[in-house]
Amino acid sequence: MDLDLSADEETLRAEARAWLAEHVPAAPLPSLETEEGFAAHREWEARLHADRWSVVSWPRQYGGRGAGIFGWLVFEEEYYAAGAPGRVSQNGIHLLAPTLFDHATEEQRARVLPAMASGEVIWAQAWSEPESGSDLASLKSRAVRTAGGWLLSGQKTWSSRAPFADRAFGIFRTDPDAPKAHQGLTYLMFDLSAPGVTVRPIGRLDGKPAFAELFLDQVFVPDEDVIGEPGQGWRIAMSTTGNERGLTLRSPGRFLAAADRLVRQWRTGADPSDTALRDRVADAVIGARAYQLFTYANASRFAAGASIGAESSLNKVFWSEYDIALHETALDLLGAEGELTDGEWAQGYVFSLAGPLYAGTNEIQRDIVAERLLGLPKGRR
Ligand SMILES: Cc1cc2nc3c(=O)[nH]c(=O)nc-3n(C[C@H](O)[C@H](O)[C@H](O)COP(=O)(O)OP(=O)(O)OC[C@H]3O[C@@H](n4cnc5c(N)ncnc54)[C@H](O)[C@@H]3O)c2cc1C
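In what follows, the accompanying structure is described.

Calculation rules
- Residues numbered from 1 in each chain as written.
- Predicted model: local features only at pLDDT ≥ 70, side-chain atom pairs only at ≥ 80, totals over all residues.
- Heavy atoms only, no water.
- Phe/Tyr/Trp six-rings, centres within 6.5 Å; stacked < 30°, edge-to-face > 60°.
- Helix = DSSP H or I, 4+ residues; strand = E, 2+ residues; numbered from the N terminus.
- Buried < 20%, exposed > 50% of the residue type's maximum accessible area, 1.4 Å probe, protein only.
- Lys NZ or Arg CZ within 6 Å of the ring centre and 35° of its normal.
- Salt bridge = Lys/Arg side-chain N within 4 Å of Asp/Glu carboxyl O.
- Near = heavy atom within 4 Å.
- Polar contact = N/O pair within 3.5 Å; in protein donor to acceptor, adjacent residues only side chain to side chain.
- Areas by Shrake-Rupley, 256 points an atom, 1.4 Å probe, with all protein chains shown as cover.
- Nonpolar A, V, L, I, M, F, W, Y, C, P; charged D, E, K, R; others polar.
- Arc of directions from axis to C-beta.
- Contact = heavy atoms within 4.5 Å.
- Core = buried A, V, L, I, M, F, W, Y, C linked by side-chain atoms within 4.5 Å.
- Expected span 1.5 Å × (residues − 1).
- Axes fitted to C-alpha atoms, helices over the stretch in contact; angles between N-to-C directions.
- Left-handed = near helix turned anticlockwise from the far one by under 90°.

1. Some thoughts on the packing of aromatic side chains
Two numbers describe a pair of aromatic rings. These are the distance of the centres and the angle of the planes.
Thought 1: A full pass over the atoms with the stated rule returns 20 aromatic pairs.
Thought 2: Taken together, a centroid distance of 6.4 Å and an interplanar angle of 45 degrees make the contact between W19 and W53 tilted. Of this pair, W19 sits in helix α1 (residues 7–23) while W53 sits in the loop between α2 (35–50) and α3 (68–81), and the two are 34 residues apart along the sequence. For the pair W19 and W53, one class covers both residues: buried.
Thought 3: When the ring centre of W53 is taken as origin, the NZ or CZ atom of R65, which lies over that ring, is 3.5 Å away.

As structure tokens, this is what we get:
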């Protein structure tokens, strides 16, 4: 494998670094899980978009730079190193957009992608239901045929960003008589402000409304908002999860920057005789580099036309467990100061604890690795 970046990617890195140095807000924006913070992050998305930094890998016609997957990885390294704000449009850009590129009509792409890239429309993912998390195919929310579209009914939950987002994408049961649970599902998009939608915020550990439950009562969705063929929702959804776990949800840039921050913390605040802690800091740096190289290897295969399959589960288990270990090391390094709940590391630690759950729990990911990558027999369910 050639580990050198192309001249174009190096140019992109230099341009991104210069742009970020000039534009990243000096003071952190308010939390994006508040109304005020959400609005501030939406404005930041518009700022990024105005200079074509919001979706660098996308084709130019939709607001990108056509920089491909490596351009995106390079941009993300610079983005996190610069301490730039969290991306409020993440669900749309990393989950819905790859699905649209693979399965939508040209009309849908032209209608949805530019407004997503600019932050004008912020998306929420409406997959999970109260009784359907790991066993997602057991979902019960229905979409029933009506003139010119579908009527949605049911309940979704744990929908991140939904308290303030504009639209959502999800899978719905359209054929309750299909012989298997993952058949007869349809993938579609809907407005969170449409008649019949009730959005009830759910507080996170810190009390901020980071998620919502969605109650849907005969919500009309026009045919133009169905992605792919009705009944094919499961197949389409599975291509989304590969992207989420495997490549795009957690780029190495985030962890490289966090490991750098940890090293700085060690240099300025640690007891040099504590070699056990020093070794954990070194492990964090090695882990970030290992994840970077593994991701570059996956990206090379992706760029050569392969799809990311069960390897995405390996990535997901790795980054989620790595993230917790890194934050625990930082808190141990800070000592009593780490107990202050408004500190950056303390907040990051609390969020890292959710990593083994979202994007598919690690128990399920380990089953996928065991069965599909290692060829071990199926466990008892
Ligand atoms: C921070 C965060 C953000 C989220 N954002 C979204 C979002 O935006 N949109 C959305 O739709 N959902 C979202 N979710 C929901 C998430 O996808 C689910 O929590 C996850 O899929 C697990 O489902 P569950 O909560 O129903 O747990 P369950 O499926 O009930 O699992 C409970 C426990 O049992 C284990 N388990 C279950 N089945 C098996 C099995 N067959 N073998 C071994 N172990 C098993 C699980 O691994 C887990 O440890 C989010 C969750 C979190 C924590």
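2. Section: the pattern of salt bridges
Thought 1: Overall, the coordinates contain 27 salt bridges when judged by the stated rule.
Thought 2: With a shortest N-O distance of 3.0 Å, K156 and E129 are connected by a salt bridge. Taken as a pair, K156 in strand β3 (residues 149–156) and E129 in the loop between β1 (123–126) and β2 (142–146) lie far apart in primary sequence, 27 residues in all. Residues K156 and E129 agree in their burial class; the two are buried.
Thought 3: Note that R200 and E213 form a salt bridge whose closest N and O atoms lie 3.6 Å from each other.

3. Details of the site of the ligand
Thought 1: S128, S134, W158, T361 and E363 are the nearest of the 17 residues found near the ligand.
Thought 2: Within the side chain of T361, one N or O atom sits 2.5 Å away from an oxygen atom of the ligand.
Thought 3: E363 is positioned such that a nitrogen or oxygen atom in its side chain is 2.8 Å from an oxygen atom of the ligand.
Thought 4: Here the ligand, which alone exposes 970 Å², has 67% of that area covered by the protein.
Thought 5: The element that contributes the greatest number of residues to the shell around the ligand is helix α11 (residues 362–373), accounting for three residues.
Thought 6: By residue class, the composition of the shell around the ligand is seven nonpolar, seven polar and three charged.

4. Regarding helix α10 (residues 344–352)
Thought 1: Those residues of α10 lying buried are W345, A346, G348 and S352. Looking straight down α10, one finds its buried side chains confined to an arc of 165 degrees; they lie on one side.
Thought 2: The inward-facing, buried residues of α10 contact α7 (252–269) and α9 (311–334).

5. With respect to the side chain of R87
Thought 1: Examined against the element boundaries, R87 turns out to sit in the loop between α3 and α4 (90–103).
Thought 2: By relative accessible area, R87 is classed as buried at 12%.
Thought 3: When sequence neighbours within four positions are dropped, the list of residues in contact with R87 reads L32, E45, L48, W53, S54, F75, Y79 and I93.

6. Structural notes on the nonpolar core
In globular proteins that are soluble, nonpolar side chains generally tend to be buried together.
Thought 1: Core analysis: the largest hydrophobic core is formed by 27 residues, its most contacted members being W58, L96, L100, M116 and Y187.
Thought 2: Secondary structure elements with two or more residues in this core: α4, α5 (106–117), β4 (167–173), β5 (185–191) and α6 (233–248).
Thought 3: With residues near it in sequence (within four places) discarded, M116 still touches W58, S89, G92, I93, L96, A97, L100, V121 and W123.
Thought 4: Listed in part, the 24 residues of the second largest apolar core include I122, A143, W150 and V226.

7. A short note on α5
Thought 1: In this model α5 runs 16 Å from its N-terminal to its C-terminal C-alpha over twelve residues, within 8% of the 16 Å that 1.5 Å per residue would give.
Thought 2: Here α5 has its buried residues at Q108, R109, V112, L113, A115, M116 and A117.
Thought 3: Next to the buried residues of α5 lie α2, α4, β1, β5 and β8 (226–227).
Thought 4: Directly after α5, the chain includes G119, whose backbone phi takes a positive value near 85 degrees.

8. Section: the packing of α3 against α7
Thought 1: Between α3 and α7, the shortest axis-to-axis distance is 7 Å and the interhelical angle comes to 35 degrees. In this structure, the crossing between α3 and α7 has a hand that is right-handed. Of the residues in α7, those in contact with L73, E76, E77, Y80 and A81 of α3 are P252, G253, R254, L256 and A257.
Thought 2: In terms of residue class, the contact of α3 with α7 is built from six nonpolar, one polar and three charged.

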